[in-house]
Amino acid sequence: MKNIELYKLMDLVDEIKRIDAIILLHKNVESNEFMASQYEAKKLKLMAQLIDALAAPKVQSEQSFSLIQMLLSKFYPNKIDKQAFKENGLDDLMAVI
């Protein structure tokens, strides 16, 4: 991976960290669920970009998949909601895993 690509990924991680802090602020201090949901959507979009970049064919490796796992553990800890999986139609896939 080239340095430029690496720095772009590092910038994405930094942006996700900043958004995470903003989400916490809105949830804890202001109790503003609307703003928190807006930032959650932005965080999801950035996480998808980051995961896509790490899963791209030119970078795919055990290490890149380990990084994806680390990112998910850090930014989405304990987010297994079986009801949400059922509502999204992913409960069958979850059962297989």
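Residues numbered from 1 in each chain as written. Predicted model: local features only at pLDDT ≥ 70, side-chain atom pairs only at ≥ 80, totals over all residues. Heavy atoms only, no water.

1. Brief notes about a nonpolar patch on the surface
- A cluster of nonpolar side chains, contributed by M1, L6, Y7 and M10, occupies part of the molecular surface with about 410 Å² of accessible area.
- Relative to the assigned elements, L6 resides in helix 1 (residues 3–30). (Patch = residues over 30% accessible without salt bridge, like charges linked within 9 Å, V, L, I, M, F, W, Y side chains within 5 Å. Areas by Shrake-Rupley, 256 points an atom, 1.4 Å probe, with all protein chains shown as cover. Salt bridge = Lys/Arg side-chain N within 4 Å of Asp/Glu carboxyl O. Helix = DSSP H or I, 4+ residues; strand = E, 2+ residues; numbered from the N terminus.)

2. Points about the packing of aromatic side chains
- Summed over all chains, the structure comprises zero aromatic pairs.
- The positively charged end of K43 is found above the aromatic ring belonging to Y76, 4.4 Å away from the centroid.
- We note K74 situated over the ring of F75; from NZ or CZ to the ring centre the distance is 5.7 Å. (Phe/Tyr/Trp six-rings, centres within 6.5 Å; stacked < 30°, edge-to-face > 60°. Lys NZ or Arg CZ within 6 Å of the ring centre and 35° of its normal.)

3. Things to note about the environment of M10
- Mapped onto the fold, M10 is located in helix 1.
- Expressed as a C-alpha distance, the spacing of M10 and L50, which sit 40 residues apart in the sequence, is 9.3 Å.

4. A short note on the nonpolar core
- By size, the foremost hydrophobic cluster in this structure holds 13 residues, and its most contacted members are I16, M47, L50, L54, L71 and F75.
- Mapped onto this core, the elements with two or more residues apiece are helix 1, helix 2 (33–55) and helix 3 (62–75).
- Among the elements that take part in this core, helix 1 stands out by supplying five residues, more than any other.
- Setting aside chain neighbours within four positions, we find M47 in contact with I16, L71, L72, F75 and Y76. (Core = buried A, V, L, I, M, F, W, Y, C linked by side-chain atoms within 4.5 Å. Buried < 20%, exposed > 50% of the residue type's maximum accessible area, 1.4 Å probe, protein only. Contact = heavy atoms within 4.5 Å.)

5. Let's talk about helix 3
- Compared with an ideal rise of 1.5 Å per residue, which puts 14 residues at 20 Å, helix 3 spans 20 Å between its outermost C-alpha atoms and is within 8% of the ideal.
- Restricting attention to buried positions, one finds in helix 3 the residues S64, I68, L71 and F75. The arc enclosing the buried residues of helix 3, seen along the axis, measures out at 65 degrees, which places them on a common side. Relative to its buried face, helix 3 has exposed residues pointing more than 90 degrees away, namely E62, Q63, Q69 and M70. (Expected span 1.5 Å × (residues − 1). Arc of directions from axis to C-beta.)

6. Quick word on the packing of helix 2 against helix 3
- Two numbers describe how helix 2 lies on helix 3: the axes approach to 9 Å, and their chain directions differ by 165 degrees. Here helix 2 lies roughly antiparallel to helix 3, going by the angle between them. In this structure, the crossing between helix 2 and helix 3 has a hand that is right-handed. Contacts from K43, M47, L50, I51, L54 and A55 of helix 2 reach helix 3 at S64, F65, L67, I68, L71, L72 and F75.
- Looking at the contact of helix 2 with helix 3 residue by residue, the classes come out as 11 nonpolar, one polar and one charged. (Axes fitted to C-alpha atoms, helices over the stretch in contact; angles between N-to-C directions. Parallel < 35°, antiparallel > 145°, perpendicular 65-115°, else oblique. Left-handed = near helix turned anticlockwise from the far one by under 90°. Nonpolar A, V, L, I, M, F, W, Y, C, P; charged D, E, K, R; others polar.)

7. Considerations on the pattern of salt bridges
- This structure, assessed with the given rule, holds three salt bridges.
- Among the salt bridges present, the one from E15 reaches R18, with a minimum N-O distance of 2.8 Å. With E15 and R18 both in helix 1, this residue pair falls three residues apart, about one helical turn.
- According to the relative accessible area criterion, E15 is partly exposed, its value standing at 25%.
- Residue D20 is joined to K43 by a salt bridge in which the shortest nitrogen-to-oxygen separation is 2.6 Å. Of the two residues, D20 sits in helix 1 while K43 sits in helix 2, which places them 23 residues apart along the sequence.

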